[in-house]
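The lines below spell out each chain.
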Amino acid sequence: MAGTAAAVLVAAGAITYAAAGDGSNDTVPDAGSADAGFARDMAVHHQQAVEMAYVVRDRTDDEDVRRLAYDIAQTQANQRGMLLGWLDLWELPKVSADAPMTWMGMGDMPSAGEGSLMPGMATDAEMKRLGTLNGKQAEVFFLQLMTAHHKGGIHMAEGCLDKCAVGVEKRLARTMVNGQHAEIDLMADMLRERGAKPRP
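First things first, this report covers the structure right here in the doc. Keep in mind that what you see is a predicted model, and the values were worked out from it rather than measured. (Residues numbered from 1 in each chain as written. Predicted model: local features only at pLDDT ≥ 70, side-chain atom pairs only at ≥ 80, totals over all residues. Heavy atoms only, no water.)

## Here's the deal with the state of the cysteines
One pass over the structure, following the stated rule, counts 1 disulfide. Here Cys160 engages in a disulfide with Cys164; their sulfurs sit 2.3 Å apart. Disulfide Cys160-Cys164: the torsion about the S-S bond is -120 degrees, which places it as left-handed. Pair check on accessibility: Cys160 and Cys164 agree, each one buried. (Disulfide = S-S within 2.5 Å. Buried < 20%, exposed > 50% of the residue type's maximum accessible area, 1.4 Å probe, protein only.)

## Quick notes on the nonpolar core
Generally speaking, soluble globular proteins have nonpolar side chains that are buried together. Counting 57 residues, the largest nonpolar core has Phe38, Met52, Leu83 and Phe142 as the members making the most contacts within it. Those elements that place two or more of their residues in this core are helix 2 (34-57), helix 3 (63-89), helix 4 (124-130), helix 5 (135-163) and helix 6 (167-193). For this core, the element with the highest residue contribution is helix 2, accounting for 12 residues. The residues touching Leu83, leaving out its near neighbours within four places in the chain, are Phe38, Ala39, Met42, Ala43, Glu169, Leu172 and Met176. (Core = buried A, V, L, I, M, F, W, Y, C linked by side-chain atoms within 4.5 Å. Helix = DSSP H or I, 4+ residues; strand = E, 2+ residues; numbered from the N terminus. Contact = heavy atoms within 4.5 Å.)

## Section: helix 6
In a regular helix each residue adds 1.5 Å, so 27 residues correspond to 39 Å; helix 6 covers 40 Å between its end C-alpha atoms and thus fits that length. Phi turns positive one or two residues past the end of helix 6, at Gly195, with a value near 70 degrees. (Expected span 1.5 Å × (residues − 1).)

## Comments concerning the packing of aromatic side chains
Applying the stated rule across the entire model yields 2 aromatic pairs. Ring geometry for Phe38 and Trp103: centres 5.7 Å apart, planes at 75 degrees, overall edge-to-face. Of this pair, Phe38 sits in helix 2 while Trp103 is found in the loop between helix 3 and helix 4, placing the two residues 65 residues apart along the sequence. On the basis of relative accessibility, which here comes to 0%, the residue Phe38 falls in the buried class. Where Trp86 meets Trp90, the ring centres are 6.4 Å apart and the plane angle is 15 degrees; that geometry is what we call stacked. In this pair, the class of Trp86 matches that of Trp90, namely buried. The side chain of Arg129 reaches across the aromatic face of Phe141, ending 4.2 Å from its centre. (Phe/Tyr/Trp six-rings, centres within 6.5 Å; stacked < 30°, edge-to-face > 60°. Lys NZ or Arg CZ within 6 Å of the ring centre and 35° of its normal.)

## Notes on the pattern of salt bridges
Taken as a whole, this structure holds 7 salt bridges when the rule is applied. Close ionic contact of Arg199 with Glu126 constitutes a salt bridge, the shortest N to O distance being 3.0 Å. Linking Arg199 in the segment after helix 6 with Glu126 in helix 4, this pair joins segments that are 73 residues apart in sequence. Residue Arg199 is classed as partly exposed on the basis of its relative accessible area of 36%. Classification of Glu126 as buried rests on a relative accessible area of 18%. Residue Glu139 is joined to Arg194 by a salt bridge in which the shortest nitrogen-to-oxygen separation is 2.8 Å. (Salt bridge = Lys/Arg side-chain N within 4 Å of Asp/Glu carboxyl O.)

## A look at the packing of helix 3 against helix 6
Here helix 3 crosses helix 6 at 165 degrees, and the two axes come no closer than 12 Å. Considered as vectors, helix 3 and helix 6 are oriented roughly antiparallel to each other. Taken as a pair, helix 3 and helix 6 cross one another with a handedness that is left-handed. Residue-level inspection shows Asp64, Val65, Leu68, Ile72, Gln76, Gln79, Met82, Leu83 and Trp86 of helix 3 in contact with helix 6, the latter providing Val168, Glu169, Leu172, Thr175, Met176, Gln180, Glu183, Leu186, Met187 and Met190. In terms of residue class, the contact of helix 3 with helix 6 is built from 12 nonpolar, 4 polar and 3 charged. (Axes fitted to C-alpha atoms, helices over the stretch in contact; angles between N-to-C directions. Parallel < 35°, antiparallel > 145°, perpendicular 65-115°, else oblique. Left-handed = near helix turned anticlockwise from the far one by under 90°. Nonpolar A, V, L, I, M, F, W, Y, C, P; charged D, E, K, R; others polar.)

## A short note on unusual backbone geometry
Residues other than glycine seldom take positive phi values, yet Glu91 does so here, at roughly 55 degrees. Counting through the fold element by element, Glu91 comes out in the loop between helix 3 and helix 4. Of note in this structure, Met101 is not a glycine but carries a positive phi near 75 degrees.

Geometry only, nothing functional implied.
What follows is the structure in structure tokens.
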């Protein structure tokens, strides 16, 4: 049921933003532009956040964590739909032969491990571990992983604010920066309540 709801939100977001545009005379970006690179990379980044959120909802009964996870999953699935919708609108590929973050001049950055394609992304091993934990341990590990994930996402969104040319995409990037900063503050409080702190 949750997967179906997320899919509907993704489709709705794609249709809404692809159809709406931003009312300006923005030119269509090319495949190597920052606009296209950000849309492709952030769609991948968001997908992992959605996966993490749904994993932790099944590993804890804590209503605050479950509510946060649900909000993150719905918000980022919707935003992902917008990003993929723009790529469709621009008739650009959703994948690239370039390394992730090339549009930011960071295509040669070292990976944190298998599965961690961009800053803040969890490794395959961390995702697997999250799926084995329960209760408070799952809550703390999720909050730590998602805090790092948000920090990486903010870095990318700020890169779009600096380099992207399409106005509506820059506005979405600003929304991401503001929203994820607020969630980082909330997660810091939730970690403190559980006697833990963000990972260095």
